[in-house]
Amino acid sequence: MNITVCVREILDPEIPSKAFKIDAEAKRAVKLPDVELVISDYDARALEAALQIKDSLESKITVISLGAESAKNVIRRCIAMGADEGILISDPSFDDSDSFATACVLAEAIKKQGDFELILCGIQEGDWDAGQVGSGIAELLSIPSVTRVGNIEVKDGGVVVERVVADGRETLEMPFPALVTVSSEIGEPRYPSIRRVREASKQEIPTWNAQDIAPVIPRNELISLFIPSRELECEFIAGETPEEMGSNLALKLREAKTI
Amino acid sequence: MTDRKGVVIVGELSDDNLAPITTELLGIGRKLAGDLGQELSAVFIGSGIGQAAGEAVFFGADKVYVIDKPLFKDYLTDSYVGALDRLDKQLKPEVLLLGHTSSGRDLAPRLAFRLGTGLSQDCIELSIDPGTRLLQKTKPVYGGNALAVYVCREGRPQMATVRLKAMEPLAYDASRKGDILPFDPELDEATIRGKLTGREKDEIIGVKLEEANVVICGGRGIGDPESFQQLEELARMLGGAVGATRPPCDNKWCPAHYQVGLTGKLVSPLLYIGVALSGASQHLAGMSGSKIIVAINKDPEANIFRMARFGVVAEYQKVLPAFEKKCKGLLYKT
């Protein structure tokens, strides 16, 4: 079966908060020299979900990414993990895409790329946290979707999925073609082998630009981006030993009428 | 576009009552409707829901639309999106709000694309700009490190999902008057492409995380499942619940539903104690509403200390037993 996975390259979110800086004019985070570009974690898990299917069912996995030229590194990592091929969509006119424009461009690319049974996406991107692109692609392609899935089973021309809800799980069935978004419950992304990393570095990754896919006007306008100020001073509990600190903490909380 | 009027909130029920998010949506809905000089309506979708839905009037709704049919007994993307699409065509609201809940965050994006409008999710602040009369939507981005403010100039209705516990409900007022109106979206069942075949509830022993007054979260530094037992013991004594960051859940040191964070559970206890966790912004996003934040971590540079009211820089294995012992002494003295 044919599986398409949408992936996004983002600034590494695992940096200490005090190292996080924004450009208020450009309205985006600043890429500092020692901050890496990585694959958005939920997208890596979407690929892991695809690979779990490929582990037991003959599948071809195509990875598509809308981003800068550097996003080819993310695509290559996906190929090293086990995806079969990748396509980069890149053009200056796609640079300020919101969720709507991103979903439109990706949906067009998916249509152009060929037939598919299943599209997998992360539940939300690790930078803007909008959480709409997956559902948006499904709506634009007029296919059914389920978000936040923790388990996927391919069965009888469709999928049986476990949707994660606030108080447990729901089991749902959908016919192909369909789209599923995943969160951390799907499992940790596997590590690529050194051999696959080497092979992936040599694989050709086509780039489609605004000649191949028409740019789209965004619907959401970002009017302000700022870091909220934190005026809190942490009081460090004194003590000669950790045990004494533990004891003093209890006293402090009693004083603060918390316990 | 100028024929659009009114604020509509999509309500949810919980055990035959209004879910707390519904009263919160009505609270902010009332404010926005007031600023626009327009009406506030609530819509409920389900089966056998008429009685509970009507309560929305006492929390601020001028009108309550009830979509009550066996077809809608369980949430399904296609049926609920279809129903709200029909309702939008009828009511033509200026603003449409949903809760950022399990169903809300599945429903809203699909609905926004169906209606041809823009959406901002997980909003913690909403307001009407007095000049432009546009809905300004503020939401956390970059894992909670920054806040972004969005507007949608062209698409209608202006849509947002609202974070739990971010908005204030109005006080219950039994004297409020409003109309309760049935609505039949006349959906073609053939358009519903998914099927619900089963449901499983998490086994929660003791207090629910989201409702607990005391939450103790363990992080990567806990090290193993046995050490999580220590946290359980402490939580039991303090009458609270245990949560976790992502690494312990990934490593299966605790159940997956313990995860507190941006895509996990949102907690807002009176007392939060973070044990051996660094305080990644994804996790902070899930507990920043806590009243008193305490952090225990052997690393003085841990991010969590930037948010904590009280901090202990030491190994938790040595701190916790002494802390527990002292608490026991304080709590069980007369």
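If you're wondering where the values come from, they're calculated on a predicted model, not measured in any experiment.

**Observations concerning the overall build of chain B**
Then step 1. A count of helical and extended segments in chain B gives eight helices and 18 strands.
Then step 2. Scaling as 2.2 N^0.38, a compact globule of 334 residues should have a C-alpha radius of gyration of about 20 Å, and chain B matches this with 22 Å.
Then step 3. With the C-alpha coordinates of chain B rotated into their principal frame, the extents come out at 65 × 45 × 40 Å.
Then step 4. In chain B, of all internal contacts separated by at least 6 residues, the share reaching a separation of at least 24 is 65%.

**Re the overall build of chain A**
Then step 1. On a plain count of helices and strands, chain A comes out with six helices and 15 strands.
Then step 2. Based on the C-alpha atoms only, the size of chain A along its principal axes is roughly 65 × 45 × 40 Å.
Then step 3. Excluding contacts between residues fewer than 6 apart, the proportion of contacts in chain A whose partners are at least 24 apart in sequence is 70%.

**Regarding helix H4 (residues 104-115) of chain B**
Then step 1. The end-to-end C-alpha distance of H4 of chain B, which contains twelve residues, comes to 16 Å, matching closely the 16 Å that a straight helix rising 1.5 Å per residue would cover.
Then step 2. Burial of H4 of chain B is extensive: eleven of the twelve residues sit out of reach of the surface.
Then step 3. Taken residue by residue, H4 of chain B has Gly-104, Arg-105, Asp-106, Leu-107, Ala-108, Pro-109, Arg-110, Leu-111, Ala-112, Phe-113 and Leu-115 of chain B as its buried positions.
Then step 4. Buried residues along H4 of chain B sit against helix H4 (133-140) and strand S9 (145-155) of chain A together with helix H3 (77-91), strand S6 (95-99), strand S7 (119-123) and strand S11 (158-162) of chain B.
Then step 5. One or two steps after H4 of chain B, the chain reaches Gly-116 of chain B, where phi turns positive at roughly 75°.

**As for the nonpolar core**
Then step 1. Residues Leu-249 of chain A together with Val-43, Ala-56, Val-215, Ile-216, Val-275 and Val-319 of chain B are the most contacted members of the largest nonpolar core, which totals 112 residues.
Then step 2. Each residue touching Leu-249 of chain A, except ones within four places of it in the same chain, is listed here: Ile-237 of chain A together with Val-294, Phe-310, Val-312 and Phe-323 of chain B.
Then step 3. Counting residues in each nonpolar core, the second largest holds 60 residues, with Ala-44, Ile-53, Met-81 and Ile-123 of chain A among its members.

**Some thoughts on the environment of Glu-153 of chain A**
Then step 1. Note that Glu-153 of chain A resides in strand S9.
Then step 2. Sequence-distant contacts of Glu-153 of chain A, that is, excluding residues within four places in its chain, are made with Val-159 and Val-160 of chain A.

**Re the sheet that holds S9 of chain A**
Backbone hydrogen bonds hold the strands of a sheet together, and the pairing may be parallel or antiparallel.
Then step 1. Reading across from one edge, S13(A)-S7(A)-S6(A)-S1(A)-S8(A)-S12(A)-S9(A)-S10(A)-S11(A)-S13(B) is the order of the ten strands in this open sheet, with mixed pairing throughout. Edge positions in the sheet fall to strand S13 (207-208) of chain A together with strand S13 (195-201) of chain B, since each has one partner strand and no second.
Then step 2. Summarising the sheet, strand S11 (residues 168-175) of chain A and S13 of chain B pair through six bridges and their orientation is antiparallel. The residue bridging Gly-168 of chain A from the neighbouring strand is Lys-201 of chain B, located in S13 of chain B.

**A few points about the pairing of S7 of chain B**
Residues and elements named next belong to chain B.
Then step 1. Of all the five residues making up S7, five are buried; the element is thus mostly covered by neighbouring parts of the structure.
Then step 2. Both S7 and S11 contribute to a ladder of three bridges, which runs parallel. Counted as the bridge partner of Cys-123 is Val-162 from S11.

**Concerning the interface of chain A and chain B**
Then step 1. Each side of the interface is counted separately: chain A has 70 residues, and chain B has 74 residues.
Then step 2. When contributions to the side of chain A that touches chain B are tallied by element, the ones reaching two or more residues are H4, S9, S11, strand S14 (221-226), strand S15 (235-236) and helix H6 (242-255) of chain A.
Then step 3. In terms of residue count, H6 of chain A provides more of the side of chain A that touches chain B than any other element does, ten residues in total.
Then step 4. Here the residues of the side of chain A that touches chain B are counted per class, giving 35 nonpolar, 17 polar and 18 charged.
Then step 5. Pairing geometry for S14 of chain A and strand S10 (residues 146-151) of chain B, over five bridges, is antiparallel. Looking at the pairing, Ser-224 of chain A lines up with Val-149 of chain B of S10 of chain B.

**Some words on the environment of Glu-244 of chain A**
Then step 1. Mapped onto the elements of the fold, Glu-244 of chain A is located in helix H6.
Then step 2. With 16 C-beta atoms packed within 10 Å, Glu-244 of chain A lands in the partly exposed category.

**Here's the deal with the domain arrangement of chain A**
Then step 1. Taken domain by domain, chain A consists of domain 1 (2-208) and domain 2 (229-259).
Then step 2. With centres defined by C-alpha atoms, the gap from domain 1 of chain A to domain 2 of chain A works out at 43 Å.

**Observations concerning unusual backbone geometry**
Then step 1. Cis peptide bonds are those with omega within 30 degrees of zero, and the linkage from Phe-176 of chain A to Pro-177 of chain A qualifies with -10°.
Then step 2. By the secondary structure assignment, Pro-177 of chain A is in the loop between S11 and strand S12 (178-182).
Then step 3. Arg-156 of chain B connects to Pro-157 of chain B through a cis peptide bond whose omega is 5°.
Then step 4. Even without glycine at this site, Asp-15 of chain B takes up a positive phi of about 50°.
Then step 5. Mapped onto the secondary structure, Asp-15 of chain B falls in the loop between strand S2 (13-14) and strand S3 (17-18).

**Digging into the pairing of strand S5 (residues 63-68) of chain B**
Residues and elements named next belong to chain B.
Then step 1. As defined by bridge partners, strand S4 (residues 40-46) adjoins S5 across six bridges and the pair is classed as parallel. Paired with Ala-42 across the two strands is Val-64, which belongs to S5.
Then step 2. Strand direction decides the pairing type here: S5 and strand S12 (residues 179-182), joined by four bridges, are parallel. Paired with Val-64 across the bridge in S12 is Ile-180.

Rules behind the numbers
Residues numbered from 1 in each chain as written. Chains lettered and ligands numbered in written order. Predicted model: local features only at pLDDT ≥ 70, side-chain atom pairs only at ≥ 80, totals over all residues. Helix = DSSP H or I, 4+ residues; strand = E, 2+ residues; numbered from the N terminus. Rg over C-alpha atoms; globule rule 2.2 N^0.38 Å. Contact = placed C-beta atoms within 7 Å. Expected span 1.5 Å × (residues − 1). Buried ≥ 20, exposed ≤ 12 C-beta atoms within 10 Å, placed from the backbone. Core = buried A, V, L, I, M, F, W, Y, C linked by C-beta atoms within 7 Å. Pairing = 2+ DSSP bridges. Nonpolar A, V, L, I, M, F, W, Y, C, P; charged D, E, K, R; others polar. Domains from an automatic or database assignment.

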